[in-house]
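Descriptive structure summary
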Amino acid sequence: MFGINETRRRSSYIHCRVFSLLSFPVHCFKCKAWKPNLPSLSSKVERNSLQGPNLDSPMGRARINPVDWPQNNDMMTVIRRLPPPRSNSTRHVAPVFQAPEPAIFNDDESLDHETNSTDRSFCNKGPVDCDDQRKVSMTTYTEVSAVARSSSSDSFTVLLHLKAPVSNSWHNTSRNDATLPKISKTPRAPVDLVTVLDISGSMAGTKLALLKRAMGFVIQNLGPNDRLAVIAFSSTARRLFPLRRMSEAGRQQALQAVNSLVANGGTNIAEGLRKGAKIMEDRREKNPVASIILLSDGQDTYTVNNIGGNQNRPNYQLLLPLSIRPDETSGFKIPVHAFGFGADHDASSMHSISEISGGTFSFIETEGVIQDAFAQCIGGLLSVVVKDLHVKIECVHPTVHLRSLKAGSYPHRVLSNQRVGSVDVGDLYADEERDFLVSVNVPTEISSNETSLLKVSCVYKDPLTKESVTLEGEEVRIKRTDVARQEDVSIEVDRQQNRIRAAEAMAQARTAAENGDLAGAVSILENIRKVLSETVSAKSHDRLCIALDAELKEMQERMASRHVYEASGRAYILSGLSSHSWQRATARGDSTDGSSLVQAYQTPSMVEMVTRSQASLLGSPSAQRLLRPVWSFASQPKPR
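The residue count restarts for each chain, going from 1 along the sequence in the order it is written. Where totals are concerned, whole chains, interfaces and linings use all residues; where local detail is concerned, this predicted model gives features only for residues with pLDDT of at least 70, and gives and counts side-chain atom pairs only at 80 or more. Hydrogens and water molecules were not included; the side-chain quantities draw on all heavy atoms of the structure.

1. Re the sheet that holds strand β13 (residues 402–406)
Across the sheet, 4 strands lie side by side as β3-β5-β16-β13; this open sheet has antiparallel pairing. The strands lining the two open edges of the sheet, one partner per strand, are β3 (137–142) and β13. Sheet twist, expressed as the average angle between the axes of neighbouring strands with direction ignored, equals 20 degrees. Pairing between two strands requires that DSSP report at least two bridges joining them. Helix numbers and strand numbers start at the N terminus; a helix is a DSSP run of H or I with at least 4 residues, a strand a run of E with at least 2. Note: β3 against strand β5 (residues 153–163), 6 bridges, orientation antiparallel. Within β5, the position partnered with Ser137 by the bridge is Lys163. As a rule, the C-alpha atoms of each element are fitted with a line to give its axis, helices using only the stretch in contact, and angles between N-to-C directions run from 0 to 180 degrees.

2. Overview of the packing of aromatic side chains
When two rings of Phe, Tyr or Trp (its six-membered ring) have centres within 6.5 Å they constitute a pair, described as stacked for plane angles under 30 degrees, edge-to-face for angles over 60, and tilted for the intermediate range. If you walk through the whole model with that rule in mind, you get 3 aromatic pairs. Here the aromatic rings of Tyr410 and Phe436 are separated by 5.9 Å at their centres, their planes lie at 80 degrees, and the arrangement is edge-to-face. Residue Tyr410 is found in the loop between β13 and β14 (412–414), and its partner Phe436 is found in strand β16 (residues 433–442); the two are separated by 26 residues along the sequence. Side by side, Tyr410 and Phe436 carry an identical accessibility label, which is buried. Their ring planes at 90 degrees and their centres at 5.0 Å tell us that Tyr410 and Trp582 sit as a pair that is edge-to-face. Remark: Trp582 occurs in helix α14 (residues 562–582) and Tyr410 occurs in the loop between β13 and β14; sequence separation between them is 172 residues. You'll find Tyr410 and Trp582 in the same group, each marked buried. Cluster of aromatic residues (ring-pair linked, three or more members): Tyr410, Phe436 and Trp582. Two limits define a charge over a ring: the Lys NZ or Arg CZ must be within 6 Å of the ring centre, and within 35 degrees of the ring normal. The aromatic ring of Phe105 is capped on one face by Lys278, whose charged end is 5.6 Å from the ring centroid. Between Arg584 and the ring centre of Tyr429, over which it is positioned, the NZ or CZ distance is 3.7 Å. The rule is simple: take the accessible area with a 1.4 Å probe, protein chains only, and divide by the maximum for that residue type; under 20% is buried, over 50% is exposed, in between is partly exposed.

3. Describing the nonpolar core
Buried Ala, Val, Leu, Ile, Met, Phe, Trp, Tyr and Cys residues that are joined via side-chain atoms within 4.5 Å together make up what is termed a nonpolar core. One finds Val194, Leu273, Ile292, Leu294, Val336, Ile353 and Met559 to be the most contacted residues of the largest nonpolar core, which totals 52 residues. Only heavy atoms enter the contact rule, under which two residues are in contact if any of them lie within 4.5 Å. The contact partners of Ile353, leaving out residues within four places of it in the chain, are Ile269, Leu273, Leu294, Leu319, Leu320 and Val336.

4. Re the pairing of strand β18 (residues 468–472)
Residues Val469 and Leu471 line the buried face of β18, whereas the alternating positions Ser468, Thr470 and Glu472 sit on a face that is not buried. The pairing of strand β17 (residues 450–461) with β18 spans 5 bridges and is antiparallel. Directly across from Ser457, in β18, lies its bridge partner Glu472. Between β17 and β18, which pair antiparallel in sequence order, lie 6 residues; one of them, Lys466, sits at a positive phi of approximately 65 degrees.

Shown next, in the form of structure tokens:
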């Protein structure tokens, strides 16, 4: 038996070693000392990293480990494999993955998909029904159903509504539950994901601890066919490990690498993005879906002041590497989903980066929401069911012409003859919906009982089968009557007109605020609220209209003063504009709660992933089941 002193020494070593591996700067209750994550670093860095996060679990329950991961997952496996203590020696935890970076990042791990990507066994219907279930649906609505023969209009609105196929990938069933349907091993398209993470000095302490926990959640929820690489940047940027599959070994390596991070230095966003883009550009093989996640809590102190534009309005687009900027021939290449963390991040630059690349901008106002925000994002990325969607709109009647096409931030065009228009929609997540408003003229019609206005078609790629799909919609027609009659505007059309009016008012208010006219900005928002309140959908208590009014009111409150606007108003408005322009959910303020009226674009896949995140943070009994990836691995977690 060990003596008391030896037992205490070994117990103290185990506790300090676990905390060191997890790299959370915490206070060890055994040896009564703070333990930074990498003792070999300079004392200056250690002092910057000694702010311990408050990781106490809710409702007074003791948390078993600082990140609340299941005790038998990969991280705990790493901990259990720690070597025994050495006597009479001072050990330092060596930083992991310090190998020099290659000149070309073509060392990505080979794709080795475990099953045939064309397997459709997750559809339990017949072949025809299965094909229909996997197709994009197209529906059109006219602002009114009938127009008098003798009447004409120069601005008649047609709504084009698209909906992506439903996903089955989130029915993550237990092996022991024979009553639930079996799901194919490849229910979705695999992803290449690069996360570009700010580890500057301002991220020290709680922020870095929460970022590591959020990245742990991302790693745990990627499947073995997904690939991940991580770029960490401060004054410079480094690749922690090559793009590699999230097999059990890959996840273990990724967890180790993320937990080796220490915060210090400045903020060089451009260099982080350059290396992230280089990974995507140099990779030898490509998964069907690819994306970059960028997180920063500060302002680029190396590039923005030197990238042109006038002194007050820098040219933020030059932060984005040329290799992932869209062009006219190939459209969007690699979307960057940007996350502004806290009150000090540069919302304008982060929004510009995401907007140019085709990604979204999220504002994480409350630090503790970071994992939920990441969860919502990957919930979408792990459910892509449509690639490279292109919509074509053609006039049918010889005298009908396209007056305008409102498609938000999606690239769209109307040919010079005003007879043909198009929208490049790109990728769609499962269950996502897109709405575009087309304005046309309606001619008089003396002899016919109806007028054919438009025909709509689309083409896209199925990321699972790699097949190209072409769909032809029915012609858009309106009835022609002998006498004019009063008809209410279609509530579907009215609802989307309100969305576009609100988004345009948000952009105008933001411009006024940036020019120093906060009172004018508030007035713009107040006026549009009054306009919306008089519409058909508002009087019908339409949920989207109610949500828009709540959002506009929140923006007014965040423009109460210059201080409030600088601290949170700008970021809140920009994340709202990003959400509406792409019709895709973003994290805004302090919540990703699906019950919030602001979250109008959340999909079931996003909601499911956020639910997983919240269950893991609460440490609920269901967390073990929910934290399992979508695929079943050989080693299943055991009950605590």
